[in-house]
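# Working through the structure, step by step
Residues per chain, in single letters:
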Amino acid sequence: MRRDDGIAAILRHRGNAAIIGVYNTGLDLRRLSPAPLNLYSSGAMGQGSSWGLGLALGMPERKVLVLDGDGSLLMNLGSLVTIANAAPRNLYHFVFENGCYEANGSHPIPAQGRIDFAAVARGAGIHYSFAFDELAHFADEVPRILALEGPVFAALKVVPGDPSPQDYAFVNAVERVREFKRAIEAERRAKPA
Amino acid sequence: MAEASLAGPDIIAALKKAGIEFIAAVPDIVTSQGLLWPIARGREFRLVRLCKEDEGVSVCAGLAVAGKRAALLIQHTGFLDSLNAIRGIACELGQPVCLLVGLLAKEPGVAPTQSSSFGVRIVEPILDALGIEHFCIEGPREIAMLPGAIDRAYAQSRPTAALFGRTVAP
């Protein structure tokens, strides 16, 4: 499965979900669907899943999708336990497994090809945990995954797709967070709870 | 309450006054009995138990972006371990992460920079280097400063840190 194809399969069912993209998934997300409700996480190692947890707890009325990387998740593996314990019903955590630290020279992750992320998530206490390595199957399952009560975890075996602009200055800019917050506030004003 | 201790109920009241709804925490012996256990047993806040302190930086930032106020209750060792997350998320992305930091082994009444503990001595210089407003709570006067510090952090979208300079009692 190409990473950008996997992301596109998710985006087809995005609705009004907020999405956090981590490193290259974030760059692909920006290329495929630039939107105010995209948040990008890079530089603070492995923090995408924890950003997602905070957002999910803070706005339970909205789905929050984390597009994580395997290297990033390994830097914050305990977040799976924290997420399972906090149990946000609106959090969907997708991990794109390319088996390497692509943003830092494509060195292999520890236990490349041997670690079972879906099993790790299940063992951490996340009830709905899946693994996919074939695009058509994953694309078919996305609507069912997003209809489940979170937290939900899915690991996707991927290879890089089309190259995305490596514009970290754009995704790391404080203005991206401000845009994201303004978009949430604007929707809340338009549709008060 | 022993005279040498801080009053946990007063700190909890100050956090409520500041509009804090969520506490993200890793246990710290300085604040365990007087803050974390009462918070865990009570209904004033939603407690998010963390595996590691740096998670809490992002959890608090996510909550802030979603319009909720949170505080991160940790030990100074966890603060030191979380510096890159604090640098990247709280400082560079300008998020109002409110750090409540227990100074393990700081001598009561002694300034943190004068402590015999190396780990305690370096906390304030690091906060200064990060440009994070901070103060050390040694008694009721500093507890009363907490709501204002949190309000400023959210108003100005920047982090703040309150350091507990002595044990917090229930």
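Let me begin by describing the structure that accompanies this report. (Residues numbered from 1 in each chain as written. Chains lettered and ligands numbered in written order. Predicted model: local features only at pLDDT ≥ 70, side-chain atom pairs only at ≥ 80, totals over all residues.)

On to the overall build of chain B, then. From N to C terminus, chain B includes nine helices and eight strands. Taken along its principal axes, the extent of the C-alpha atoms in chain B is 40 × 35 × 30 Å. The buried share of chain B, reckoned over its 170 residues, is 49%. Residue pairs in contact within chain B that sit at least 24 positions apart in sequence constitute 78% of those at least 6 positions apart. (Helix = DSSP H or I, 4+ residues; strand = E, 2+ residues; numbered from the N terminus. Buried ≥ 20, exposed ≤ 12 C-beta atoms within 10 Å, placed from the backbone. Contact = placed C-beta atoms within 7 Å.)

So, on to the pairing of strand β3 (residues 46–49) of chain B. Residues and elements named next belong to chain B. One ladder, built from four bridges, connects strand β2 (residues 22–25) with β3; its direction is parallel. Considered in β3, the bridge of I23 is made with L47. Handedness of the crossover is the feature at issue here: the chain leaves β2, passes through helix α2 (residues 32–41), returns alongside β3, and the resulting connection is right-handed. (Pairing = 2+ DSSP bridges. Right-handed = clockwise from strand over helix to strand, strands pointing away.)

With that settled, consider the packing of helix α3 (residues 48–58) of chain A against helix α3 (residues 53–65) of chain B. Direction vectors running N to C along α3(A) and α3(B) enclose 35°, while the axes themselves pass 7 Å from each other. Our pair here, α3(A) against α3(B), has a crossing hand that is right-handed. Between α3(A), through A:S50, A:W51, A:G52, A:L53, A:G54, A:L55, A:L57 and A:G58, and α3(B), the contact on the second element is made entirely by B:E55, B:S58, B:V59, B:C60, B:A61, B:G62, B:L63 and B:V65. By residue class, the composition of the contact of α3(A) with α3(B) is nine nonpolar, six polar and one charged. (Axes fitted to C-alpha atoms, helices over the stretch in contact; angles between N-to-C directions. Left-handed = near helix turned anticlockwise from the far one by under 90°. Nonpolar A, V, L, I, M, F, W, Y, C, P; charged D, E, K, R; others polar.)

Further remarks concern the pairing of strand β8 (residues 152–157) of chain A. Within a regular beta strand, the side chains point alternately toward one face of the sheet and then the other, so they alternate between its two faces. Residue and element names in this part refer to chain A. Counting buried positions along β8 gives five out of six residues, so the element sits mostly inside the fold. Pairing between strand β4 (residues 91–97) and β8: six bridges, direction parallel. From the neighbouring strand, V95 faces β8, where its bridge partner is A155. Strand direction decides the pairing type here: strand β7 (residues 128–132) and β8, joined by five bridges, are parallel. Bridging across to β8, A131 finds its partner in A155. You can see the chain leave β7, run along helix α7 (residues 135–147) and come back into β8, and the turn it takes is right-handed.

So, about the sheet that holds strand β7 (residues 160–164) of chain B. Residues and elements named next belong to chain B. In spatial order, the strands read β3-β2-β4-β5-β7-β6; together these six strands make up an open sheet with parallel pairing. What marks the edges here is a single partner per strand, and that holds for β3 and β6 (133–137). The mean inter-strand angle of the sheet, taken between neighbouring strand axes irrespective of direction, is 20°. Sheet topology places β6 next to β7; five bridges connect them, and they run parallel. Paired with C136 across the two strands is L163, which belongs to β7. Strands β2, β3, β4 (70–75) and β5 (98–102) of the sheet are contacted by α3, whose axis makes an angle of about 170° with β4. Each of β5, β6 and β7 touches helix α9 (residues 146–156); the most contacted strand, β7, lies at about 155° to it.

The interface is formed by 25 residues belonging to chain A together with 24 residues belonging to chain B. If you list the elements that add at least two residues to the side of chain A that touches chain B, you get α3, α5 (78–86) and α9 (174–190) of chain A. Sort the elements by how many residues they give to the side of chain A that touches chain B and α3(A) lands first, with eight residues. Grouping the constituent residues of the side of chain A that touches chain B by class yields 13 nonpolar, eleven polar and one charged.

In this section: unusual backbone geometry. Residue and element names in this part refer to chain A. Cis geometry is found at the peptide bond from G150 to P151, where omega equals 0°. Along the chain, P151 turns up in the loop between α7 and β8. A positive phi angle, close to 55°, is found at A87, a residue other than glycine. Looking at where A87 falls in the secondary structure, it is placed in the loop between α5 and β4. Of the residues examined, A87 has 15 C-beta atoms within 10 Å and is grouped as partly exposed. Positive phi, close to 60°, is recorded for S106, a residue that is not glycine. Relative to the helices and strands, S106 is located in the loop between β5 (100–101) and β6 (107–108).

Here the focus is the environment of A:G26. All names here are of chain A. Examined against the element boundaries, G26 turns out to sit in helix α2 (residues 23–32). For G26, a count of 27 C-beta atoms within 10 Å corresponds to the buried category. Linking G26 and Y40, residues 14 residues apart in sequence, is a C-alpha distance of 5.6 Å. Look past the residues within four positions of G26 in its chain and what remains in contact with it is G21, Y40, S41, S42 and V171.

Below, the discussion takes up the sheet that holds β7(A). Residue and element names in this part refer to chain A. Strand order in the open sheet formed by six strands is β2-β1-β3-β4-β8-β7, with parallel pairing between adjacent strands. The sheet terminates laterally at β2 (38–41) and β7, the two strands that pair on one side only. Between one strand and the next, the sheet's axes are offset by a mean angle of 15°, whatever the strand orientation. Pairing of strand β1 (residues 18–22) with β2 involves four bridges; the strand directions are parallel. Bridged to I20 within β2 is L39. On top of the sheet, helix α1 (residues 3–11) reaches β3 (64–69), β4 and β8; it is set at about 165° to β4, its chief contact.

Just geometry here; none of it tells us what the structure is for.
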